[in-house]
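# Structural description and commentary
Read off the chains here:
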Amino acid sequence: PAIEIDGNFMTDSLPIMQALDQTFSGEGTPRMVPPPGPERDRASKLLGLERELFGAWCSLTFQPGKGLMDRNERAFMATLRRVDEALGESTGPWFLDSADHPTLVDLQYVSHVERMLASALYWKGIQIRGSGRFSNLEAWLPPL
């Protein structure tokens with residue numbers, strides 16, 4: 001993605017979403033970024049976990065495997081389980097309890113998770129969706 005706002009050119013999706021949220025926030029507009037406090041701290045931790053998941057997926061996808069359940073596959077699946085558990089910690093369908101809509105955290109995850117589901121199945125034969133192993137992830141995907 002790429003955008004220019006007030007003369008500032010950006011090409012990274014996370015800063016773009018933050019800038020859009022700040023630039024176009026107003027009364028009645030759902031906020032994508034929680035205000036400072038516990039929910040913002042949780043959002044930061046979840047975004048760090050997303051980077052871990054992305055790294056594990058890159059290792060799984062782009063490094064040669066060494067047979068069934070190799071080190072990269074184990075690391076990816078373990079990180080995906082942590083993501084599933086994090087989703088289970090919220091009371092609603094989204095990563096953050098403070099919103100009744102997807103937030104920046106959900107949007108950052110979904111753009112990569114959808115690719116992960118397809119590529120893990122296609123390239124490595126790992127079925128994630130419909131496997132029964134990630135119930136919170138399964139519940140989160142349809143509304144998005």
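Going by the structure above, here's the rest.
Residues numbered from 1 in each chain as written. Predicted model: local features only at pLDDT ≥ 70, side-chain atom pairs only at ≥ 80, totals over all residues. Heavy atoms only, no water.

It is worth spelling out the pattern of salt bridges at this point. Across all of its chains, the model carries four salt bridges by this definition. Arg 31 is the salt-bridge partner of Asp 21, the closest N and O atoms lying 2.9 Å from each other. Note that Asp 21 is positioned in helix α1 (residues 13–23) and Arg 31 in the loop between α1 and α2 (38–62), a separation of 10 residues in sequence. On the basis of relative accessibility, which here comes to 6%, the residue Asp 21 falls in the buried class. Of the charged contacts in the structure, one is a salt bridge between Arg 51 and Glu 50, with a shortest N-O distance of 2.9 Å. (Salt bridge = Lys/Arg side-chain N within 4 Å of Asp/Glu carboxyl O. Helix = DSSP H or I, 4+ residues; strand = E, 2+ residues; numbered from the N terminus. Buried < 20%, exposed > 50% of the residue type's maximum accessible area, 1.4 Å probe, protein only.)

Most often, soluble globular proteins keep nonpolar side chains buried together rather than apart. In terms of nonpolar packing, the biggest core is built from 33 residues, with Phe 76, Tyr 109, Ile 128, Leu 137 and Trp 140 touching the most fellow members. Mapped by element, the contributors of at least two residues to this core are α2, α3 (71–88), α4 (104–124) and α5 (135–140). When sequence neighbours within four positions are dropped, the list of residues in contact with Ile 128 reads Phe 76, Leu 80, Leu 117, Ala 120, Phe 134, Leu 137 and Glu 138. (Core = buried A, V, L, I, M, F, W, Y, C linked by side-chain atoms within 4.5 Å. Contact = heavy atoms within 4.5 Å.)

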